[in-house]
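A structural walkthrough
One-letter residues, chain by chain:
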Amino acid sequence: MKVFGVLAGKGSKRVGALYLTCQLFKIYFKLGTVHLCRSVIRSIETARIFDFEEFPKRDKVTYMYYTGRLEVFNENFPAADQKLSYALINCNPQSEANIRMILKYLIPVKLSIGILPKDWLLEKYNLVEYSNIVQALRRGDLRLLRHALEEHEDQFLRSGVYLVLEKLELQVYQRLFKKIYIIQKQKDPSKAHQMKLDVIVKALKWLEMDMDVDEVECIVAILIHKNLVKGYFAHKSKVVVLSKQDPFPKLNGKPVNS
Amino acid sequence: MERRHHSQSHSQRQQGRNHFSSSSSNQSRSNNRFSFPKSSSSSSSANDVRDRRRETQEEKQEEAIVGTCPFMCPEAERLQRQRLRDLAVFERLHGDPRNSSPALAVKKFCRTMSAKEVRASDVRPLPVLEETLNYLLSLLDSTEHPFEVIHDFVFDRTRSVRQDLIMQNIVNDKAINMFEKIVKFHVISHHKLRSSCSSSSISPLHYLNLEQLTKALTSLYNLYEANWSSKPIHEKEAEFRSFYVLLHLDSNGQPVGESLSLWFRHVPSPIIKSKEMWFARQALRYFQMGNYRRFLSTVAAEASYLQYCIIEPYIDEVRSLALCCIHNCYYKLHPYPLGHLSKVLMMEESDVELFCNAYGLQTCIDELGNKLLPTKQTTFCRPKGGLQNYSFLGFQQLGRQIEL
């Protein structure tokens, strides 16, 4: 930290400050004392003597990578998206290992705001642990999501993205409902906007999800409440009445609101 | 590289047995990375010191102090407090505020200004600390005084016990046992103090208790890790680890210490797979998803008494969410039967009505005499004061007092 103070003072040496910061980040992450990053970040971001753009690109990318990771751990997805995306865009295209590291954290963030990666991306950078999850989101396949989380549980817990991925469940539900809606629309467009609870229960049973009617009702209410489904629920007739316009709003780059 | 709990206090005379932990320092897990924020004024200097890992030559020669005080309270302190009439209700001999005895006086918590000033005669050795703790916890059964008074006393005196343990660098099984008991005390107080506070603002006692709960929990986790190589799994470790998860269900609240994602990274695998941790993770998942149905029913079915004490504030929050959802998302022309609402909220029907009223909602009765809640009422609002305590169905069997 003393070196830091020295760097802050002398003009020409200031440029090295970010490099030093990144080294500190690496150390803190390895030691597990991540909370110590906070004071370092404060020095960089609040001190007027540092102009972020002055620093060498390589250091800026590393800095954004680590601060982006911190945002992921704190579940600030918009900030995480911004920082990790910056790192990705400005990263040397040759350094595949680095790109992989950035993507490892960027993908869960993007998934949380409704953006899915293409399969070739996952294959190219060997991030196949995410394949099933992406697939589950595309298909509305709850069983696959849970299975994927279980299969890679240790890995996801160690990297710290497990809780982020777990939250994707609501989006998978939305996708499932949408599929049911699409099928109903094909069968009988005039009645498509009414979805019987029984049908949803049946679909979930087919996916081997052990849920009783009350729980399914609860999920429906939550989806409506969080604006993943537009409509209302008629309790007596056990029917979800969907809005005729845009019943399944897209996330549009925002995480599911709480 | 041996990991040491560096203590500032050192005694020139005492060279007694010291329990340096056979540490698992080869793995990065053994570091003190749980830093609940040092709401710094209340953290004793000994606690801060444990976080640092300096390994200078002079420190290798320092050894932790070994206490010699044979009483629950050092004699000098007792005599001084008798003189100054600074005796708690429990310390008074026959109610006399000027008189105490070795059987009644218990050492008060005091921030050590400088470790060099600490004398071995003021520090209680392990056996005395064990006796002291047992005595303190036995006071919790007393019915003579209001709970707040008992809590206040035990709160302060157990803090001193913790301080003595840390100062002497006692990190063995017995220390773990004692810290577990102390955490239990704080958890139950967390529950009891909440019941007694009527306003929505958290009472200072409640807040301070939570603060010490987290500190004691941190120390406990460090002890588990320090003992990892000698005894990998402690009987109650899974449950006590689950408390951290349950204390952090609300990720949108003020982050206290490490975020859960970071914390999970270094929880040992057998703990993660344990029944208690599984429950905590499920509760977390349901809470964050908003699955009120599963959250409430799982808590009722699987929470231990201590887990319930911690999760209790969230139960109201989830019920609130449930009411909000049902009220806003259900069809206006189909009022919701209270009987069913009672099942969803896991509350007695009579309480359900009060609950609805607290949110500015009126109930009505249909022609068969069933009570109903019409949805989408315009009078829906957040309750202004705090909520009263409501029943929690399916939970009566856990109402028994836990043995500490």
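What you see is a predicted model, and the numbers here were worked out from it, not measured in a lab.

Notes on the overall build of chain A
Within chain A, the regular secondary structure consists of 14 helices and three strands. Across its three principal directions, the C-alpha atoms of chain A cover 75 × 35 × 30 Å. The proportion of buried residues among the 258 residues of chain A is 52%. A fraction of 53% describes how many contacts in chain A between residues 6 or more apart in sequence connect residues 24 or more apart. A total accessible area of about 12,900 Å² is found for chain A, and carbon and sulfur atoms account for 53% of it. Between the averaged position of the 41 positive side-chain charges in chain A and that of its 28 negative side-chain charges there is a distance of 6 Å.

Comments concerning the UniProt feature "domain: PCI" (unreviewed entry) in chain A
Per the UniProt record, "domain: PCI" (unreviewed entry) is annotated on residues 61–247 of chain A. Measuring from the first to the last C-alpha atom of residues 61–247 of chain A gives 40 Å, for a span that is 66% helix and 6% strand.

So, the confidence of the model for chain B
Residues and elements named next belong to chain B. Of all residues in chain B, 76% attain a pLDDT of 70 or more, and the chain-wide mean is 79. When pLDDT is averaged over each helix and strand of chain B, the minimum, 39, is found for helix 2 (residues 57–61) and the maximum, 95, for helix 4 (residues 126–138). Low pLDDT (under 50) marks residues 1–61, which in the prediction has 134 contacts with non-local residues, meaning those over four places away or in another chain. Of the regions scoring below 50 in pLDDT, residues 400–404 engages in 11 contacts with residues more than four places distant in sequence or in other chains. As a predicted assembly, this complex carries a pTM of 0.83 together with an ipTM value of 0.89.

Remarks on the interface of chain A and chain B
Counting residues at the interface gives 44 residues for chain A and 41 residues for chain B. The interface formed by chain A and chain B holds six salt bridges in total. Among the salt bridges present, the one from D214 of chain A reaches R293 of chain B, with a minimum N-O distance of 3.7 Å. At the junction of chain A and chain B, the tally comes to 17 residue pairs in polar contact (both at pLDDT 80 or more). Elements represented by at least two residues in the side of chain A that touches chain B include exactly helix 2 (16–31), helix 4 (57–73), helix 10 (153–159), helix 11 (162–166), helix 12 (169–187), helix 14 (213–225) and strand 2 (231–234) of chain A.

Here we look at the nonpolar core
If you look at the biggest cluster of nonpolar residues, it comprises 183 residues, and the most contacted ones within it are Y173 and I200 of chain A together with F264, Y292, F295, I311 and L341 of chain B. With 14 residues, the single largest contributor to this core is helix 13 (residues 305–329) of chain B. Here this core spans two domains, since at least three of its residues come from each of domain 1 (12–127) and domain 2 (168–242) of chain A. Counting five residues, the second-largest nonpolar core is a separate cluster that includes I65, V118, V123 and M167 of chain B.

Some details on the pairing of strand 2 of chain A
All names here are of chain A. One ladder, built from four bridges, connects strand 2 with strand 3 (residues 239–242); its direction is antiparallel. From the neighbouring strand, F233 faces strand 3, where its bridge partner is V240. Linkage of strand 2 to strand 3, two consecutive antiparallel strands, is achieved through a turn of four residues, within which K238 is found at a positive phi near 55°.

Considerations on the sheet that holds strand 3 (residues 371–373) of chain B
All names here are of chain B. Taken together, the three strands give an open sheet; going across it, the order is 1-3-2, and neighbouring strands pair in antiparallel fashion. Both edges of this open sheet fall to strand 1 (336–337) and strand 2 (364–365), since each of them pairs with a single strand only. Pairing between strand 2 and strand 3: two bridges, direction antiparallel. Looking at the pairing, I365 lines up with K371 of strand 3.

Here's the deal with the environment of V216 of chain A
All names here are of chain A. Position of V216 relative to the elements: it lies in helix 14. Take V216: its relative accessible area is 1%, and that puts it in the buried class. Sequence separation between V216 and K254 is 38 residues, and the spatial gap between their C-alpha atoms is 25 Å.

What to know about helix 5 (residues 147–167) of chain B
Residue and element names in this part refer to chain B. For helix 5, which comprises 21 residues, the first-to-last C-alpha distance of 30 Å matches the rise-based estimate of 30 Å (1.5 Å per residue) to within 8%. With 18 of 21 residues buried, helix 5 lies mostly within the body of the structure. N169 occupies a position one or two residues after helix 5 and carries a positive phi of about 60°.

Details of the side chain of Q377 of chain B
All names here are of chain B. Tracing the backbone through its elements, the reader meets Q377 in the segment after strand 3. For Q377, a relative accessible area of 16% corresponds to the buried category. Engagement of the side chain of Q377 in a polar contact is seen with the backbone oxygen of Q362, the distance being 2.8 Å. Those residues in contact with Q377, other than ones at most four positions away along the chain, are H327, G360, L361 and Q362.

What about the pairing of strand 3 of chain A?
Residue and element names in this part refer to chain A. Of the two faces of strand 3, the one lined by V239 and V241 and the one lined by V240 and L242 are each fully buried. Looking at chain direction, strand 1 (residues 194–196) and strand 3 are connected through three bridges and run antiparallel. Bridging across to strand 3, M195 finds its partner in V240.

Things to note about the sheet that holds strand 2 of chain A
Backbone-to-backbone hydrogen bonds pair the strands of a sheet. The strands run either parallel or antiparallel. All names here are of chain A. Sheet architecture is open: three strands sit in the order 1-3-2, paired in antiparallel fashion. Here the strands that pair on one side only, and so sit at the sheet edges, are strand 1 and strand 2. Strand-to-strand twist in this sheet, taken as the mean axis angle between neighbours without regard to direction, amounts to 20°. Across the sheet, helix 14 touches strand 2 and strand 3, and the angle it forms with strand 2 is around 155°.

Rules behind the numbers
- Residues numbered from 1 in each chain as written.
- Chains lettered and ligands numbered in written order.
- Predicted model: local features only at pLDDT ≥ 70, side-chain atom pairs only at ≥ 80, totals over all residues.
- Heavy atoms only, no water.
- Helix = DSSP H or I, 4+ residues; strand = E, 2+ residues; numbered from the N terminus.
- Buried < 20%, exposed > 50% of the residue type's maximum accessible area, 1.4 Å probe, protein only.
- Contact = heavy atoms within 4.5 Å.
- Areas by Shrake-Rupley, 256 points an atom, 1.4 Å probe, with all protein chains shown as cover.
- Lys, Arg positive; Asp, Glu negative; His and termini not counted.
- Charge placed at Lys NZ, Arg CZ, Asp CG, Glu CD.
- UniProt positions renumbered as here; feature names shortened; annotations may be inferred.
- pLDDT = per-residue confidence, 0-100.
- Salt bridge = Lys/Arg side-chain N within 4 Å of Asp/Glu carboxyl O.
- Polar contact = N/O pair within 3.5 Å; in protein donor to acceptor, adjacent residues only side chain to side chain.
- Core = buried A, V, L, I, M, F, W, Y, C linked by side-chain atoms within 4.5 Å.
- Domains from an automatic or database assignment.
- Pairing = 2+ DSSP bridges.
- Expected span 1.5 Å × (residues − 1).
- Axes fitted to C-alpha atoms, helices over the stretch in contact; angles between N-to-C directions.

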